[in-house]
Amino acid sequence: MDNTDWHEGNTIIMHRVQELDRSPIAFLFDGHEVTGFEGDSILVAILARFPFLRKNEFSHQPRSGFCLMGACQECWVWNKQGERIRSCSTPLQAGMELFSTSPVIQGELAHES
Ligand code: FES
């Protein structure tokens, strides 16, 4: 399953309005090299570069978080071990490898096709 097509060609709606000399932090999201900044949540770092986080597994509509305080399930992303992470309440760390869909599910779907 190619999970990168939805990232490009859509308008990024979140823009940083002020930067305070924070250190850049490199990470991967769906195979894209991305740079966030020290103190970013994963959600902020992704939405500063991409139009949304993921697509809903049932409706396939774009999702970009809702409550922004760790109470809903709209901001899930996955790490390469297949663990779900609430991106709004998880600090970005250098070298993270994150996915908009569970890599376990992607692997299962790849075996079916
Ligand atoms: S946006 Fe609701 S838990 Fe992250």
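First, a word on scope: everything that follows refers to the structure included in this document. (Residues numbered from 1 in each chain as written. Predicted model: local features only at pLDDT ≥ 70, side-chain atom pairs only at ≥ 80, totals over all residues. Heavy atoms only, no water.)

## Thoughts on the pairing of strand β1 (residues 24-29)
Looking along a regular strand, one sees the side chains alternate between the two faces of the sheet. Applicable threshold: Using a 1.4 Å probe on the protein chains alone, a residue whose accessible area is under 20% of its type maximum counts as buried, one over 50% counts as exposed, and one in between counts as partly exposed. In DSSP terms, a helix is any run of H or I states spanning at least four residues, a strand is any run of E spanning at least two, and both are numbered starting from the N terminus. In this description, strands pair whenever DSSP reports at least two bridges between them.
Of the two faces of β1, the one lined by Ile25, Phe27 and Phe29 is fully buried and the one lined by Pro24, Ala26 and Leu28 carries no buried residue. Pairing analysis gives six bridges linking β1 to strand β2 (residues 32-37), with the strands arranged antiparallel. Counted as the bridge partner of isoleucine 25 is glycine 36 from β2. With antiparallel pairing between neighbouring strands as the criterion, β1 and β2 make up a hairpin whose turn holds two residues, including aspartate 30 at a positive phi of roughly 50°. Judged from the two bridges that link them, β1 and strand β7 (residues 97-99) form a sheet pairing that is parallel. Within β7, the position partnered with phenylalanine 29 by the bridge is leucine 98.

## Some thoughts on the nonpolar core
As a reminder of what qualifies: Buried Ala, Val, Leu, Ile, Met, Phe, Trp, Tyr and Cys residues form a nonpolar core when they are joined through side-chain atoms within 4.5 Å. In what follows, residue pairs with any heavy atoms lying within 4.5 Å of each other are defined as contacts.
Membership of the largest hydrophobic core comes to 18 residues, with the highest contact counts inside it found for Phe27, Phe29, Ile42, Ile46, Val77 and Leu98. Of all the secondary-structure elements, those providing two or more residues to this core are β1 and α1 (42-47). For this core, the leading source of residues is α1, giving five residues. Every residue in contact with phenylalanine 27, bar those within four places of it in the chain, is listed here: His32, Glu33, Val34, Thr35, Gly36, Ala45, Ile46, Leu92, Gln93, Gly95, Met96 and Leu98.

## Re the pattern of salt bridges
As a reminder of what qualifies: Here a salt bridge means any side-chain nitrogen of Lys or Arg lying within 4 Å of a carboxyl oxygen belonging to Asp or Glu.
This model, assessed by the stated rule, comprises five salt bridges. One salt bridge in this structure joins arginine 22 and aspartate 40, with 2.9 Å as the shortest N-O distance. Taken together, the residues arginine 22 in the segment before β1 and aspartate 40 in the loop between β2 and α1 connect sequence positions 18 residues apart. Relative accessible area serves as the criterion here: at 5%, aspartate 40 is assigned to the buried category. Arginine 54 is the partner of glutamate 57 in a salt bridge, and the nearest nitrogen-oxygen pair spans 2.9 Å. Several salt bridges converge on common partners, so that one network encompasses Arg16, Arg22 and Asp40.

## Some details on the sheet that holds strand β6 (residues 84-86)
The strands making up a sheet associate through hydrogen bonds between their backbones, and the pairing can be parallel or antiparallel. How we decide: To get an axis, a line is fitted to the C-alpha atoms, and for a helix only the part in contact is used. The angle between two axes follows their N-to-C directions and goes from 0 to 180 degrees.
Ordered by their spatial adjacency, five strands build an open sheet running β2-β1-β7-β5-β6, and the pairing between neighbours is mixed. For this open sheet the edge positions go to β2 and β6, each flanked by a neighbour on one side alone. Averaged over all adjacent pairs, the angle separating strand axes in this sheet is 45°, with direction ignored.

## Details of the packing of aromatic side chains
Keep this limit in mind: Here a pair means two rings of Phe, Tyr or Trp (six-membered ring of Trp) with centres within 6.5 Å. Their orientation is stacked below 30 degrees between planes, edge-to-face above 60, and tilted elsewhere. In this analysis the charged atom, NZ for Lys or CZ for Arg, is taken to sit over a ring once it is within 6 Å of the ring centre and within 35 degrees of the ring normal.
For the structure shown, the criterion picks out one aromatic pair. Ring geometry for phenylalanine 29 versus phenylalanine 50: centroids 5.4 Å apart, planes at 55°, classification tilted. Linking phenylalanine 29 in strand β1 with phenylalanine 50 in the loop between α1 and β3 (54-55), this pair joins segments that are 21 residues apart in sequence. Here phenylalanine 29 matches phenylalanine 50 in class, with each residue buried. For arginine 84, the ring lying beneath its charged end belongs to tryptophan 76, and the centroid distance is 4.1 Å.

## Considerations on the side chain of serine 100
Following the sequence through the fold, serine 100 ends up in the loop between β7 and α2 (103-112). A relative accessible area of 3% means that serine 100 is categorised as buried.

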